[in-house]
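# Report on the structure
If you want the building blocks of each chain, they are given just below.
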Amino acid sequence: MPEKVRIALDAMGGDHGVSVVVPGAQISLDRHPDIEYLLYGDGAQIAPLLAANPKLEAAARSVHTDVAVRMDDKPSQALRRGRWKSSMWLAIDAVKRGEADVAVSAGNTGALMAMAKFHLRTMAGIERPAIAALWPTIRGESIVLDVGATIGADAQHLVDLAVMGSAMARVLFDLERPSVGLLNIGVEEVKGLEQVREAGRILRETRMSELNYAGFVEGDDIGKGTVDVVVTEGFAGNIALKTAEGTAKQISEYLRNALSRTLRAKLGYLLARDALQTLRDKLDPRKVNGGVFLGLNGIVIKSHGGTDAEGFASAIDIGYDMVRYELRAKISQMLGGRSASAFRAPLAGGAGL
């Protein structure tokens, strides 16, 4: 296990750039003093913020570039404009060259995935990477993937996601056989898209020792924590994620308005302040900000583009944990000779393992 966790930051990524990235880095450093930062971006903007935080300045090195990927760039445009020289590319390149253990960016999701896949390549046996998110539930936490890496999925890609998600759950949750469910419009085997039904058949028939396939789950099962890993393709997963974030903000606003409406309500707030603060923390999407790119030869974390410093710090925290847990090495070891591609046989012959 490394003495220091070296984190490369795309300082120009996201809606707010360095004004969020640098303070977020300070917050995470306070929680994890063994972090070392490489910040890539406009040195003229980064330097004064570092100078105002001597502790952070001592733990960070800034590398200047005046090229940044725009939030509205198409992935192909980002690769043409930003390869070799943008702050996003250089953060990923630091991981590729072994100068950093993880890269964190709040930038354009499509561009980040395109650059990461192009430069780091996918792990053996994985055709398409995924973004996995930690999801707060009634039972604790679950892993949901894919939440936006790729749109659309055939049955085999959904099986790949189940394998990767299970590997992540085994590492993070210390579970021997995590329960895995396929997100669907009903729990009956005859419901849903053909690809989802076929993926369910493969998972049932192969009986993988690394996971416990629990069948189809519905949208409300995510928050319940019905399974440890929820598998879906990126379009539905991203909508589910954004809907949950919006609902959390909506409930928080309802509470704030209701508790400030009358004198009695204000008194009730004072009496229940601790409990309401706990609820507010659980509903705060910043606390679970940060998606893990799974299936790549390197660790990349995607932060929400519109987050604040606290939210960006949470994304850095996830990257820190991925390194400390040695997630990629353990996933690679677990997959080993039984990579996701090893489970393709049922598609041809229909026989289980």
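Residues numbered from 1 in each chain as written. Predicted model: local features only at pLDDT ≥ 70, side-chain atom pairs only at ≥ 80, totals over all residues. Heavy atoms only, no water.

## Concerning helix H8 (residues 194–206)
- Between its first and last C-alpha atoms H8 spans 18 Å; for 13 residues at 1.5 Å apiece the expected length is 18 Å, and the two agree.
- Following H8 by one or two positions, Arg207 has its phi on the positive side, about 50°. (Helix = DSSP H or I, 4+ residues; strand = E, 2+ residues; numbered from the N terminus. Expected span 1.5 Å × (residues − 1).)

## With respect to the pairing of strand E8 (residues 212–217)
- Taken together, the five bridges between strand E7 (residues 179–183) and E8 define a ladder with parallel strand orientation. The residue of E8 that forms the bridge with Leu182 is Phe216.
- Handedness of the E7-H8-E8 crossover: right-handed. (Pairing = 2+ DSSP bridges. Right-handed = clockwise from strand over helix to strand, strands pointing away.)

## Details of the sheet that holds strand E4 (residues 102–105)
- Pairing is mixed across the open sheet formed by eleven strands, whose spatial order is E3-E2-E1-E4-E11-E10-E5-E6-E9-E7-E8. Among the strands making up the open sheet, the edge pair consists of strand E3 (60–64) and E8. Across the sheet, the axes of successive neighbouring strands diverge by a mean angle of 25°, strand direction being ignored.
- Where strand E5 (residues 130–136) lies against strand E6 (residues 141–145), five bridges are found, and the strand directions are antiparallel. Bridge pairing in E6 places Ala132 opposite Leu145.
- Across the sheet, H8 lies against E7 and E8, angled at about 160° from E8, the strand it touches most. (Axes fitted to C-alpha atoms, helices over the stretch in contact; angles between N-to-C directions. Contact = heavy atoms within 4.5 Å.)

## Observations regarding the side chain of His157
- For His157, the position within the fold is in helix H7 (residues 155–173).
- Leave out the neighbours within four places in its chain, and His157 touches Arg128, Pro129, Thr150 and Gly152.

## Focus on the pattern of salt bridges
- Counting across every chain of the model gives 17 salt bridges.
- Its salt-bridge partner being Asp73, residue Arg70 comes within 3.0 Å of it at the nearest N-O pair.
- The salt bridge partner of Glu189 is Arg204, with a shortest N-O separation of 3.8 Å. Taken as a pair, Glu189 in the loop between E7 and H8 and Arg204 in helix H8 lie far apart in primary sequence, 15 residues in all.
- Taken together, the shared-partner salt bridges in this structure form one network comprising Arg70, Asp72, Asp73 and Arg81. (Salt bridge = Lys/Arg side-chain N within 4 Å of Asp/Glu carboxyl O.)

## Thoughts on the nonpolar core
- Ranked by size, the top nonpolar core spans 67 residues in total, and within it Leu9 and Tyr37 carry the most contacts.
- Here the element with the most residues in this core is H7; it accounts for twelve residues.
- Apart from residues lying up to four places away in sequence, Leu9 is in contact with Val21, Ala25, Tyr37, Leu38, Leu39, Tyr40, Ala91, Val104, Phe312 and Ile316.
- In this structure, Leu38, Ala111, Met113 and Val300 belong to the second largest nonpolar core, which totals 36 residues. (Core = buried A, V, L, I, M, F, W, Y, C linked by side-chain atoms within 4.5 Å. Buried < 20%, exposed > 50% of the residue type's maximum accessible area, 1.4 Å probe, protein only.)

## Considering helix H13 (residues 309–324)
- For H13, with 16 residues, the first-to-last C-alpha span of 22 Å sits near the 22 Å given by 1.5 Å per residue.
- Burial analysis of H13 places 15 of its 16 residues in the buried class, which makes it a mostly covered element.
- N-capping of H13 is provided by Asp308, with a side-chain oxygen placed 3.2 Å from the backbone N of Glu310.
- Following H13 by one or two positions, Glu326 adopts a phi angle in the positive range, close to 55°. (Polar contact = N/O pair within 3.5 Å; in protein donor to acceptor, adjacent residues only side chain to side chain.)

## Side note on the pairing of strand E1 (residues 5–10)
- Taken across its six residues, E1 has five buried, putting it largely inside the fold.
- Relative to strand E2 (residues 35–41), E1 is paired through six bridges, and the arrangement is parallel. Across the sheet, Ile7 pairs through a bridge with Tyr37, a residue of E2.
- For the segment spanning E1, helix H1 (residues 18–31) and E2, crossover handedness is right-handed.
- In the sheet, E1 pairs with E4 via three bridges, with the strands oriented parallel. Directly across from Leu9, in E4, lies its bridge partner Val104.

## Brief notes about the environment of Val21
- One can find Val21 in helix H1.
- Classification of Val21 as buried rests on a relative accessible area of 1%.
- Excluding its chain neighbours within four sequence positions, the residues that come into contact with Val21 are Leu9, Asp10, Ala11, Gly13 and Phe312.

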